Amino acid sequence: MTKSPDEPATAAPAGGRRHEELLSRFGARGIFAQDAVLALVVAALTFGMFVALANVAPTDPTIDLSGAEARAVTAVGVVQSLLLCLRRLRPVLCVAAVMACQTVMIALAPDISGNGIGPAVVIYTVGTIATLWLTIAVVAAAVLVQTAAAAAVSLGEDDMLTVVANHLSSNAVIFTAAAFIGVYAAARRRNRTLERERAAEAVRAQRERAEAAVVSERARIARELHDVAAHHLSGMVIQAAAVERLIGRDAEAAKSGAAWIRSQGKATLENLRQVVGLLRDRGGDGDGNAPIPGVSALPALVAEARQLGSEVDFECSGDPLRLPPIADISLYRIAQQSLTNARQHAPGAGVRVSLAYGDEDVTLEVANGPAARGELADVGRGGTGLVGMRERADLVGADLTAGPSGDGGWRVKVELPVRDAERRAEDVEFETGDRT
């Protein structure tokens, strides 16, 4: 028991939740009201039992009980039963009062070794709300007190030993059985409570996992949208500025730049459609099945950067490896974001993109020199480019390092281990450009 025996018990030792709900429907709400109903029922049963005993006593030579004694015993038994209304509200007081009444009954009729219903109910209650050792102590004390009372009343009589033995055995059996049933009922109730708690915890854990998966999916889609929009829109902004300067000076060049902006707008829409397609049902119109670029599309990415006026060199070495799809697109997106950062923060700087296949790893490096118009900006401030690159690297178990290079520029390096890769030199064909 987690609280003192003097404190009111909140459990339902004798009836359970179903009986409590049934009593509540008939207006008996609360511990005292429900236990009062039980006390009245037990009092009625006790009254009937002792009335039957009083009727049998005059005709049974083994029962030495007068009519007055029978009425007194019946009255004490009824009072003892009515005390059960305190069994959960004041359990210690209830035990003491019930056992005191039992002692009076023994004093009035020592030859009757049986007990009323009240002591069994109160011992059962102790078993449901007390610890095991406290329950054993209460049972032992009740048996010893009742046996001592029987011994004191029958002291000096010829049948003293018989009376003491009868009270000892009957009390030990009845009280032990009642306590055992109480402890068993409490254990079952605790087990049901634990099962409900475990079920609720499992539901909460499942809900948390689902919410975490949703958050992770949202973050992944946000990274895709950021990479696509930042790359294409930054180029379009730069080209638009160039077209603005050409208006009125070189109409053909301005038209060419506007056409390029239009084509980049279409490319941006196509890429966004690919990302949004990930959210759609695969059984739809097929937009979600558009190919997602990987490292094989790096030459096309480099060619696109060159069209914006950037000096970009691309180098690929080693025999290509078969990369997992997530790792493939992650390397592409990191290269794409690196080129975007270089264009935004180091305009006019030369950029070198290198992709090196090792025996069991792939290394991607994007490095740019200092800005052509002033000092290199700190790309770690503002935006989420570096954060997104690190998240992508962590997702596929790659090591990413980003920071200033020795020549005043900036370098991003990703090392991706591919332990179970299959070589696919014949399957990989870069879209445009040579390896060097």
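One can find the structure itself at the top, above this paragraph.
Residues numbered from 1 in each chain as written. Predicted model: local features only at pLDDT ≥ 70, side-chain atom pairs only at ≥ 80, totals over all residues. Heavy atoms only, no water.

Before we move on, could you go through the pattern of salt bridges and cite the residues and values that matter?
Under the counting rule described, the total for this entry stands at four salt bridges. The residue Glu-201 makes a salt bridge to Arg-204 at a minimum N-O spacing of 2.5 Å. Of the two residues, Glu-201 and Arg-204 both sit in helix α7 (residues 160–246), three residues apart, roughly one turn of that helix. Arg-352 is the salt-bridge partner of Glu-365, the closest N and O atoms lying 3.3 Å from each other. Of this pair, Glu-365 sits in strand β3 (residues 361–368) while Arg-352 sits in strand β2 (residues 351–357); the two residues are 13 residues apart in sequence, bridging distant segments of the chain. Residue class for Glu-365 comes out buried when judged on its relative accessible area of 14%. The exposure class assigned to Arg-352 is partly exposed, which follows from its relative accessible area of 36%. Through salt bridges that share partners, Arg-352, Glu-365 and Arg-411 make up one connected network. (Salt bridge = Lys/Arg side-chain N within 4 Å of Asp/Glu carboxyl O. Helix = DSSP H or I, 4+ residues; strand = E, 2+ residues; numbered from the N terminus. Buried < 20%, exposed > 50% of the residue type's maximum accessible area, 1.4 Å probe, protein only.)

I'd love a proper account of a nonpolar patch on the surface, names of residues and values included.
A grouping of Val-37, Val-41 and Leu-45 is seen on the molecular surface, where their side chains present a nonpolar patch of about 240 Å² in accessible area. When you line up the elements, Val-37 lands in helix α2 (residues 31–56). (Patch = residues over 30% accessible without salt bridge, like charges linked within 9 Å, V, L, I, M, F, W, Y side chains within 5 Å. Areas by Shrake-Rupley, 256 points an atom, 1.4 Å probe, with all protein chains shown as cover.)

Explain helix α11 (residues 385–395) residue by residue, including any values.
Those residues of α11 lying buried are Gly-385, Leu-386, Gly-388, Met-389, Arg-392 and Ala-393. Burial along α11 is one-sided: seen end-on, the buried residues are contained in an arc of 160 degrees. Positive backbone phi, at 75 degrees, marks Gly-397, one or two positions downstream of α11. (Arc of directions from axis to C-beta.)

Outline the nonpolar core, listing residues and values.
Residues Leu-298, Leu-331, Leu-339, Val-353, Leu-355, Val-362 and Leu-364 are the most contacted members of the largest nonpolar core, which totals 35 residues. Sorting the residues of this core by element identifies α9 (298–307), β1 (312–317), α10 (325–345), β2, β3, α11 and β5 (410–417) as the ones contributing at least two each. When residues in this core are grouped by element, the largest group, seven residues, is from α10. Cys-94, Val-98, Ile-123 and Phe-175 belong to the second-largest nonpolar core, a separate cluster that totals 21 residues. (Core = buried A, V, L, I, M, F, W, Y, C linked by side-chain atoms within 4.5 Å.)

So what's going on with the pairing of β1? Residues and values would help.
Burial along β1 is one-sided: Val-312, Phe-314 and Cys-316 are buried, and none of Asp-313, Glu-315 and Ser-317, which face the opposite way, are. Following the backbone out of β1, through α10 and into the adjacent parallel β2, one traces a crossover that is left-handed. (Right-handed = clockwise from strand over helix to strand, strands pointing away.)

Mind laying out the sheet that holds β1, listing which residues take part and the relevant values?
Taken in spatial order, the five strands make up an open sheet running β1-β2-β3-β5-β4, and their pairing is mixed. Only two strands of the sheet have a single partner each, and these edge strands are β1 and β4 (399–404). Ignoring which end each strand starts from, the neighbouring axes of this sheet average 10 degrees apart. Where β4 lies against β5, six bridges are found, and the strand directions are antiparallel. Each residue of the ladder has a partner; that of Ala-402, found in β5, is Val-412. Packing of α10 onto the sheet brings it into contact with β1, β2, β3, β4 and β5, and relative to β3 it is tilted by some 10 degrees. Docked against the sheet, α11 engages β4 and β5, running at close to 155 degrees with respect to β4. (Pairing = 2+ DSSP bridges. Axes fitted to C-alpha atoms, helices over the stretch in contact; angles between N-to-C directions. Contact = heavy atoms within 4.5 Å.)

Tell me about the environment of Val-51, and name the residues and values.
Tracing the backbone through its elements, the reader meets Val-51 in helix α2. Of the residues examined, Val-51 reaches a relative accessible area of 31% and is grouped as partly exposed. C-alpha of Val-51 to C-alpha of Val-73: the two residues are 22 residues apart in sequence and 9.7 Å apart in space.

Please provide a residue-by-residue account of the packing of α10 against α11, values included.
At a closest axis distance of 10 Å, the pairing of α10 and α11 adopts a crossing angle of 160 degrees. Accordingly, the angle class assigned to the pair α10 and α11 is roughly antiparallel. With respect to the hand of their crossing, α10 and α11 are arranged in left-handed fashion. Residues Ile-326, Ser-330, Arg-333, Ile-334, Gln-337, Ser-338 and Asn-341 of α10 form the contact with α11, whose own contacting residues are Gly-385, Met-389, Arg-392, Ala-393 and Leu-395. (Parallel < 35°, antiparallel > 145°, perpendicular 65-115°, else oblique. Left-handed = near helix turned anticlockwise from the far one by under 90°.)

Describe the state of the cysteines, listing the residues and the values that go with them.
As enumerated under the stated definition, the model contains zero disulfides in all. In this structure Cys-85 is not part of a disulfide, and its nearest cysteine sulfur, from Cys-94, lies 7.4 Å away. We classify Cys-85 as buried; its relative accessible area is 16%. According to the relative accessible area criterion, Cys-94 is buried, its value standing at 0%. (Disulfide = S-S within 2.5 Å.)

How would you summarise helix α4 (residues 91–108) if you had to cite specific residues and measurements?
For α4, spanning 18 residues, the distance from its first C-alpha to its last is 26 Å, which sits close to the expected 26 Å at 1.5 Å a residue. By the burial criterion, the buried members of α4 are Pro-91, Cys-94, Val-95, Val-98, Met-99, Cys-101, Gln-102, Met-105 and Ile-106. Across the axial projection of α4, the buried residues extend over an arc of 155 degrees, all falling on one side. (Expected span 1.5 Å × (residues − 1).)

Hey, could you go over the packing of α9 against α10 for me, with residue numbers and the actual values?
Between α9 and α10, the least distance of the axes is 11 Å, while the angle of their chain directions is 15 degrees. Relative to α10, the element α9 is oriented roughly parallel. Regarding α9 and α10, the two cross each other, and that crossing is right-handed. Packed against α9, whose contacting residues are Leu-298, Leu-301 and Ala-305, the element α10 presents Tyr-332, Ala-335, Gln-336, Leu-339 and Arg-343 at the interface.

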